[in-house]
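One-letter residues, chain by chain:
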Amino acid sequence: MTIEYDGTDYAGWQKQPGRVSTVQGVLEETLGRIVQERVSMTASGRTDKGVHAKGQVANFRTSSNLSLYRLSYAMNSLLPPAVRVMDMEAVPDDFHARYSALVREYRYFLLEKPSAINRRYAGYISKPLNLDQLNLCAGELVGKHDFSVYSRNNGAADNTFCTVYSAEWQRHGDMVVFRISASRFLRTMVRYLVSAQLEASTGELEDVLRTGKRVKKLAPADPAGLFLWRVVY
């Protein structure tokens with residue numbers, strides 16, 4: 001399944017105990033009602049609270065013989081307006097939405113002026129941005145690095161290395177957009193990288209990634225601006 005969602009009112013992708021509303025929880029509950037069996041989904045990645053998706057991918061198993069068309073139509077008829085199934089296809093038994101993924105792309109949208117409408121889908125910064133400087137910083141992210149210094153709560157994770165294939169800033173209308181594609185991402189990594197670049201001088205990110213030591217105190221960028229854009233298999 002390829003899924004699009006507005007994450008504003010959800011506590012992230014991952015299902016949680018109790019009455020906490022999550023994207024996974026809503027999808028599994030809806031699908032379970034349709035196929036009349038318990039369904040468990042695996043996603044390409046877990047988006048945080050308030051983060052959106054244009055191309056989240058999740059896989060599941062079912063014994064239902066409903067056609068994919070009827071299944072996706074029924075889901076979109078029952079799902080809340082903020083969550084929609086964009087595509088559904090059968091995959092081999094060994095397909096895994098997370099581990100089979102080759103490339104993931106995130107985009108972060110940033111406003112330089114406050115907006116009553118776009119505030120749900122963009123972060124905001126009160127100073128004008130220098131895209132040339134930002135792209136110099138973005139270039140320092142490309143390659144294989146230990147990004148643990150730009151992530152949150154990795155705990156005892158034994159692999160904090162990610163390979164960044166591309167990273168760039170572009171201006172689109174009233175927004176500035178940061179695009180980054182990588183083999184994988186650590187928790188809150190993109191939001192930390194956005195904040196870091198907005199404050200960094202040339203060479204600073206490269207030094208931090210090399211030494212694993214961050215001098216400046218850093219808060220992750222507003223989740224409203226972040227989209228899981230696409231996943232490549």
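Everything discussed here concerns the structure shown above.
Bear in mind the structure is a predicted one, so any value in this text is a computation, not a measurement. (Residues numbered from 1 in each chain as written. Predicted model: local features only at pLDDT ≥ 70, side-chain atom pairs only at ≥ 80, totals over all residues. Heavy atoms only, no water.)

1. With respect to the overall build of the chain
- The helix and strand tally for the chain stands at five helices and 10 strands.
- Relative to its length of 233 residues, the chain is compact, with a C-alpha radius of gyration of 19 Å against a globular reference of 17 Å.
- Projected onto the principal axes, the alpha-carbon positions of the chain cover approximately 55 × 40 × 30 Å.
- Evaluated residue by residue, the chain yields a buried proportion of 47% over its 233 residues.
- For the chain, contacts bridging at least 24 residues in sequence account for 69% of all contacts bridging at least 6.
- Surface exposure of the chain reaches about 12600 Å², of which carbon and sulfur atoms provide 48%.
- When the 30 positive and 24 negative side-chain charges of the chain are each reduced to one mean point, those points stand 5 Å apart. (Helix = DSSP H or I, 4+ residues; strand = E, 2+ residues; numbered from the N terminus. Rg over C-alpha atoms; globule rule 2.2 N^0.38 Å. Buried < 20%, exposed > 50% of the residue type's maximum accessible area, 1.4 Å probe, protein only. Contact = heavy atoms within 4.5 Å. Areas by Shrake-Rupley, 256 points an atom, 1.4 Å probe, with all protein chains shown as cover. Lys, Arg positive; Asp, Glu negative; His and termini not counted. Charge placed at Lys NZ, Arg CZ, Asp CG, Glu CD.)

2. Description of the packing of aromatic side chains
- In this structure the tally under the stated criterion is nine aromatic pairs.
- Judged by centre distance (5.0 Å) and plane angle (50°), the rings of Phe 95 and Tyr 233 are tilted. Of this pair, Phe 95 sits in the loop between strand S4 (83-87) and strand S5 (103-111) while Tyr 233 sits in the segment after strand S10 (226-232); the two residues are 138 residues apart in sequence, bridging distant segments of the chain.
- Put simply, the rings of Phe 109, Tyr 121, Phe 227 and Trp 229 pair up and form one aromatic cluster.
- One residue, Lys 54, lies across the ring of Trp 229, its end atom 5.8 Å from the ring centre. (Phe/Tyr/Trp six-rings, centres within 6.5 Å; stacked < 30°, edge-to-face > 60°. Lys NZ or Arg CZ within 6 Å of the ring centre and 35° of its normal.)

3. Focus on unusual backbone geometry
- Phi angles above zero are rare outside glycine, and Gln 36 is one such case at about 60°.
- Along the chain, Gln 36 falls in the loop between helix H1 (23-35) and strand S2 (42-43).

4. Notes on the packing of H1 against helix H2 (residues 68-78)
- The N-to-C vectors of H1 and H2 enclose an angle of 125°; their axes lie 10 Å apart at closest approach. The angle between H1 and H2 falls in the class oblique. Here the hand of the crossing between H1 and H2 comes out right-handed. Listed contacts from H2 to Leu 27, Thr 30, Leu 31, Arg 33, Ile 34 and Val 35 of H1 are Leu 71, Ala 74, Met 75 and Leu 78.
- Taken together, the residues of the contact of H1 with H2 break down into eight nonpolar, one polar and one charged. (Axes fitted to C-alpha atoms, helices over the stretch in contact; angles between N-to-C directions. Parallel < 35°, antiparallel > 145°, perpendicular 65-115°, else oblique. Left-handed = near helix turned anticlockwise from the far one by under 90°. Nonpolar A, V, L, I, M, F, W, Y, C, P; charged D, E, K, R; others polar.)

5. Some details on the pattern of salt bridges
- Within the structure shown, the criterion is met by 12 salt bridges.
- Here Arg 230 and Glu 105 are joined by a salt bridge, their closest N and O atoms 2.7 Å apart. Of this pair, Arg 230 sits in strand S10 while Glu 105 sits in strand S5, and the two are 125 residues apart along the sequence.
- Owing to a relative accessible area of 5%, Glu 105 belongs among the buried residues under this scheme.
- Salt bridges here are not isolated pairs; linked through shared partners, they connect Glu 105, Arg 107, Arg 179 and Arg 230. (Salt bridge = Lys/Arg side-chain N within 4 Å of Asp/Glu carboxyl O.)

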